[in-house]
Amino acid sequence: MPLDTARPGSRPERLTAQEARRRLEHERASRLVQLKAIEEAGGEEGDHLMAAQKDSAQRVLKDIDAAFDRIEAGTYGTCQECGQPVPVERLEILPYARCCVGCQRRTA
Ligand SMILES: [Zn+2]
């Protein structure tokens, strides 16, 4: 199913590719700001909290890139585990989510 199929008058079950890109861009920009702030703050060698924050920001950036790839491939919004659509409410909160809540719980 094309991502851009708009159904006027009803709430779409999926984000449009355009909307997904906009949200992902926003998310990426804020992670990059976060990373920059972490790097500028320096921190001592072996600062575990800072290393963990940096790590998680970089992981999210990777997830965001993967989500962009999925938009291109037309699989964005489809759970990578069970193949079911990821609810749009979830994608609005977590635009780079690769699977639905159920699978997330199972694989976490
Ligand atoms: Zn799933």
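Worth saying up front: this structure is predicted, and the values here are computed from it rather than measured.

S.K.: Any chance you could break down the overall build of the protein for me, citing the residues and the numbers?
M.R.: Within the protein one finds 4 helices and 0 strands. Within the protein, the proportion of its 108 residues that are buried is 31%. Expressed as a percentage of contacts within the protein between residues at least 6 apart in sequence, the contacts between residues at least 24 apart total 52%. Surface accessibility of the protein: about 7200 Å² in total, with carbon and sulfur atoms responsible for 51%.

S.K.: Now, about the pattern of salt bridges: what can you tell me, with residues and values included?
M.R.: In this structure the tally under the stated criterion is 10 salt bridges. For R59, the salt bridge goes to D55, with nearest N and O atoms at 3.6 Å. Here D55 and R59 lie together in helix α2 (residues 48-73), a separation of 4 residues that amounts to about one turn. For D63, the salt bridge identified is with R98, shortest N-O distance 2.4 Å. One end of the pair, D63, is in helix α2; the other, R98, is in the loop between α3 (88-93) and α4 (101-107), with 35 residues separating them in the sequence. Using a relative accessible area of 18% as the deciding quantity, one classes D63 as buried. Using a relative accessible area of 38% as the deciding quantity, one classes R98 as partly exposed. Here the salt bridges share partners, and the residues they tie into one network are E19, R22 and R23.

S.K.: Run through the coordination of the zinc ion, naming residues and quoting values.
M.R.: The protein atoms that coordinate the zinc ion are C79 (SG), C82 (SG), C100 (SG) and C103 (SG), at distances spanning 2.3 Å. Sequence positions of the residues that donate to the zinc ion give the spacing C-x2-C-x17-C-x2-C. Under the relative-accessibility criterion, C103 is labelled buried at 3%.

S.K.: Quick rundown of the nonpolar core? Include the residues and the values.
M.R.: Core analysis: the largest hydrophobic core is formed by 19 residues, its most contacted members being L24, I71 and Y76. Those elements that provide at least two residues to this core are α1 (17-41), α2 and α3. Element by element, the count of residues in this core is highest for α2, at 5 residues. Discounting chain neighbours no more than four positions away, the residues touching L24 are I64, A67, F68, I71, Y76, P95 and Y96.

What counts, and at which threshold
Residues numbered from 1 in each chain as written. Predicted model: local features only at pLDDT ≥ 70, side-chain atom pairs only at ≥ 80, totals over all residues. Heavy atoms only, no water. Helix = DSSP H or I, 4+ residues; strand = E, 2+ residues; numbered from the N terminus. Buried < 20%, exposed > 50% of the residue type's maximum accessible area, 1.4 Å probe, protein only. Contact = heavy atoms within 4.5 Å. Areas by Shrake-Rupley, 256 points an atom, 1.4 Å probe, with all protein chains shown as cover. Salt bridge = Lys/Arg side-chain N within 4 Å of Asp/Glu carboxyl O. Donors = N, O, S within 2.8 Å, 3.2 Å for Na, K, Ca; no water. Core = buried A, V, L, I, M, F, W, Y, C linked by side-chain atoms within 4.5 Å.

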